[in-house]
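Next come the chains, spelled out residue by residue.
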Amino acid sequence: QAVAMGVADVGIVGLNEVAEKGFTVEQVMDLGFGGCRISLAVPKTTTYEGPDFFRGKRVATSYPNILARYFVERGIQAEIHTIEGSVEIAPAVGMADAIFDIVSSGGTLISNGLTEVEKVFFSEAVLIACPGLDSDKRREMKQLTFRFNSILDSRGMKYVLMNLPKERLDDAIRILPGMRSPTVLPLAQEGWCSIHAVIAQEQLWERIERLKEIGAEGILILALENMIR
């Protein structure tokens with residue numbers, strides 16, 4: 001609301017809040033954290049065969065607008081009961097037949113005897129901006145997103161340094177990825193070189209094993225804080 005009113009120029013908020021509140025804001029970029037979903041859940045003893053189950057049912061939620069749009073898209077008429085706080089207890093105390101609530105691990109649903117049946121809306125933290133920003137503030141916002149992207153690009157990446165016999169350099173280059181190509185530097189010891197490269201976490205150990213097989217040694221693996229492409 002503060003961003004929509006221009007009280008704040010930019011803000012970080014869950015995408016679920018943007019969708020639910022309906023304020024006029026500009027969604028600038030996804031930030032890659034705070035991931036969750038908003039799902040429909042029913043008591044685990046309930047026989048569920050599809051969304052038609054909700055016709056004529058009472059569903060408790062803190063997100064009535066997102067849920068109403070979902071039901072309208074599917075032609076489902078149901079009673080949406082808006083409550084704040086512990087939505088997950090509503091079926092147990094007789095307030096509702098089902099719930100529509102945020103789910104992360106699903107542990108809260110299980111502990112309240114509920115089963116997730118429909119994943120409706122996926123959310124994460126997003127950067128939003130006031131649509132009426134002037135050119136100076138938009139330039140500052142561009143600087144901000146540039147810095148945010150440098151952090152996002154570094155996630156799941158490792159900086160790797162190693163020593164290698166020069167005669168195996170071509171083999172190593174075929175194994176290693178690089179932002180353009182691996183960096184190769186000579187060592188003081190004749191016949192040896194140092195290689196620097198950035199490797200995705202999921203590829204790391206397979207590549208390291210292959211590099212060890214061709215004679216790489218003194219391998220250092222460092223975390224990346226920022227990466228600018």
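Okay, so let's go over this structure. For every chain, the first residue of the written sequence is number 1, and numbering continues from 1 along that sequence. With the structure being a predicted model, the display of local features is reserved for residues of pLDDT at least 70 and the display and counting of side-chain atom pairs for 80 or more, all residues being used for whole-chain, interface and lining totals. The side-chain numbers reported here are obtained from all heavy atoms of the structure, hydrogens and water having been left aside.

1. Considerations on the overall build of the protein
At step 1: Under the DSSP-based scheme used, a helix requires at least four consecutive residues in state H or I and a strand at least two consecutive residues in state E, with every element numbered from the N terminus. Looking only at helices and strands, the protein has seven helices and twelve strands in total.
At step 2: All radius of gyration figures rest on C-alpha atoms, and the globule criterion is 2.2 Å times the number of residues raised to 0.38. Here the C-alpha atoms of the protein give a radius of gyration of 26 Å, more than 25% beyond the 17 Å that 2.2 N^0.38 yields for 229 residues.
At step 3: Counting only C-alpha atoms, the protein reaches 80 × 50 × 30 Å along its principal axes.
At step 4: Residue exposure (1.4 Å probe, protein chains only): buried if accessible area is under 20% of the type maximum, exposed if over 50%, otherwise partly exposed. Relative to its full complement of 229 residues, the protein shows a buried share of 37%.

2. With respect to a nonpolar patch on the surface
At step 1: A surface patch of nonpolar side chains, amounting to about 240 Å² of accessible area, comprises Ile89, Val93 and Met95.
At step 2: Structurally, the position occupied by Val93 is in the loop between strand S5 (79-82) and strand S6 (98-103). Candidates for patches are residues over 30% relative accessible area with no salt bridge; among them, like charges are joined within 9 Å and nonpolar side chains (Val, Leu, Ile, Met, Phe, Trp, Tyr) within 5 Å. Every accessible area reported is derived by Shrake-Rupley at a probe size of 1.4 Å, with residue values counting cover from the shown protein chains alone. Criterion for a salt bridge: a side-chain nitrogen of Lys or Arg within 4 Å of a carboxyl oxygen of Asp or Glu.

3. Focus on the pattern of salt bridges
At step 1: Evaluated as defined, the whole model comprises twelve salt bridges.
At step 2: One salt bridge connects Asp9 with Lys137, and the closest N-O pair in it is separated by 3.2 Å. Of this pair, Asp9 sits in the loop between helix H1 (2-5) and strand S1 (10-14) while Lys137 sits in helix H5 (residues 135-154), and the two are 128 residues apart along the sequence.
At step 3: Residue class for Asp9 comes out partly exposed when judged on its relative accessible area of 30%.
At step 4: The shortest N-O distance in the salt bridge between Arg74 and Glu73 comes to 3.3 Å.
At step 5: By relative accessible area, which is 40% here, Arg74 ends up partly exposed.

4. Examining helix H7 (residues 204-213)
At step 1: By the burial criterion, the buried members of H7 are Leu204, Arg207, Ile208 and Leu211. Angularly, the buried residues of H7 cover 100 degrees about the axis, an arc narrow enough to put them on a single face. For H7, the exposed residues lying more than 90 degrees away from the buried face are Trp205, Glu209 and Glu213.
At step 2: Against strand S9 (157-165), helix H6 (169-175), strand S11 (192-200) and strand S12 (217-223) lie the buried residues of H7.
At step 3: One or two residues past the end of H7 sits Gly215, with phi positive at roughly 105 degrees. Think of the arc as the fan of directions from the helix axis to the C-beta atoms. Contacts are assigned to residue pairs that have any heavy atoms within 4.5 Å of one another.

5. Digging into the pairing of S6
At step 1: Across the six residues that make up S6, a large majority, five, are buried.
At step 2: In short, DSSP must find at least two bridges between two strands for them to pair. In this sheet, S6 lies alongside strand S3 (residues 36-43) in antiparallel orientation, the contact comprising five bridges. Within S6, the position partnered with Arg37 by the bridge is Val103.
At step 3: Taken together, the three bridges between strand S4 (residues 58-61) and S6 define a ladder with parallel strand orientation. The partner of Ala60 across the bridge, within S6, is Ile99.

Read these as layout, nothing more, since geometry by itself doesn't imply function.
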